Amino acid sequence: MPGDAGRPKEDLGGFPAIPQRIRSPFAKLPLCGQSLNRHRNTAIMGKPPSSPLLPGIVYLVGAGPGDPELLTRKALRLLRAADAVVYDYLVTAAILAEARPRCERVFVGKKAGHRCRPQTETDAILVALARQGKTVVRLKGGDPFIFGRGGEEADALAAAGIPFEVVPGITAALGTAAFLGIPLTHRVHSSAVVFLTGHEYAGKPEASVRWEDYARLNATLCIYMGRHRLETITRRL
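Here's a quick rundown of the structure. (Residues numbered from 1 in each chain as written. Predicted model: local features only at pLDDT ≥ 70, side-chain atom pairs only at ≥ 80, totals over all residues. Heavy atoms only, no water.)

1. Some remarks on the pattern of salt bridges
The tally for this structure, following the rule as stated, stands at 11 salt bridges. When the shortest N-O distance is used, the salt bridge between D213 and R210 registers 3.3 Å. On the basis of relative accessibility, which here comes to 54%, the residue R210 falls in the exposed class. Connected through shared salt-bridge partners, D88, R138, K140 and E153 make up one network. (Salt bridge = Lys/Arg side-chain N within 4 Å of Asp/Glu carboxyl O. Buried < 20%, exposed > 50% of the residue type's maximum accessible area, 1.4 Å probe, protein only.)

The structure is reproduced here in structure tokens:
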């Protein structure tokens, strides 16, 4: 591009023009940079696997909306090679069946109105399994970083010095829209998409979703976990 002459290019293994710098709290820690360098066969790098999976690592893997055919190739490869799978309530039996028979399976699912493991316990399980030298797949419905607590688990792994990688999945909004034949964007009707939670974390000092503001955006609103507050949400919109 004009003005780019002389500018150093960063080697991204197939995507040299894309900056590699990660602007997040994880960027300063050894896990992201070193893990991505040790495991160059990530989906982002676009390279085929060149070596066996290294032990002592956690993969935060999106399982998509439930149909095994909607898993990414990388998610399926990791699932079939894992020593341990830590999975959620929304992960279907058909997807879980792709793991090896000898693979350790740990259920940490959460369901509204039911007793479940606290998040800190799930974090501790991931750290403990990785410290045993295992290749761990943390399998989550949808995408790990869209209302999936993937960020919290990444924080815990970072604090423990455990290498990890994130493998994206098809999030519920995309899967549902495709199943129903509803385009989330349309050149005439909607030029923006917003993902919102209808169930904010009770530990926050104040709610951050101001529904009245989002109603004025003229965008497609995708509301997760909103069934129990549906009447309130629709009234405020």
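Moving on, there is more to tell.
2. What to know about the nonpolar core
In terms of nonpolar packing, the biggest core is built from 19 residues, with V61, V85, I95, V137 and L139 touching the most fellow members. Going through the elements one at a time, β1 (57–62), α2 (73–81), β2 (84–87), α3 (93–96) and β4 (135–140) are the ones with two or more residues in this core. (Core = buried A, V, L, I, M, F, W, Y, C linked by side-chain atoms within 4.5 Å. Helix = DSSP H or I, 4+ residues; strand = E, 2+ residues; numbered from the N terminus.)

3. Regarding unusual backbone geometry
Most peptide bonds are trans, and most residues other than glycine sit at a negative phi. Although it is not a glycine, R149 adopts a positive phi angle of roughly 60°. Along the polypeptide, R149 turns up in the loop between β4 and α5 (150–160).

4. Quick notes on the packing of helix α4 (residues 119–131) against α5
Interaxial distance between α4 and α5 falls to 10 Å at its minimum, and their mutual angle equals 45°. Put simply, α4 runs oblique to α5. Handedness of the α4/α5 crossing: right-handed. Contacts between α4 and α5 involve Q119, T122, D123, L126, V127 and R131 from the first element and E152, E153, A156, L157 and A160 from the second. Grouping the constituent residues of the contact of α4 with α5 by class yields five nonpolar, two polar and four charged. (Axes fitted to C-alpha atoms, helices over the stretch in contact; angles between N-to-C directions. Parallel < 35°, antiparallel > 145°, perpendicular 65-115°, else oblique. Left-handed = near helix turned anticlockwise from the far one by under 90°. Contact = heavy atoms within 4.5 Å. Nonpolar A, V, L, I, M, F, W, Y, C, P; charged D, E, K, R; others polar.)

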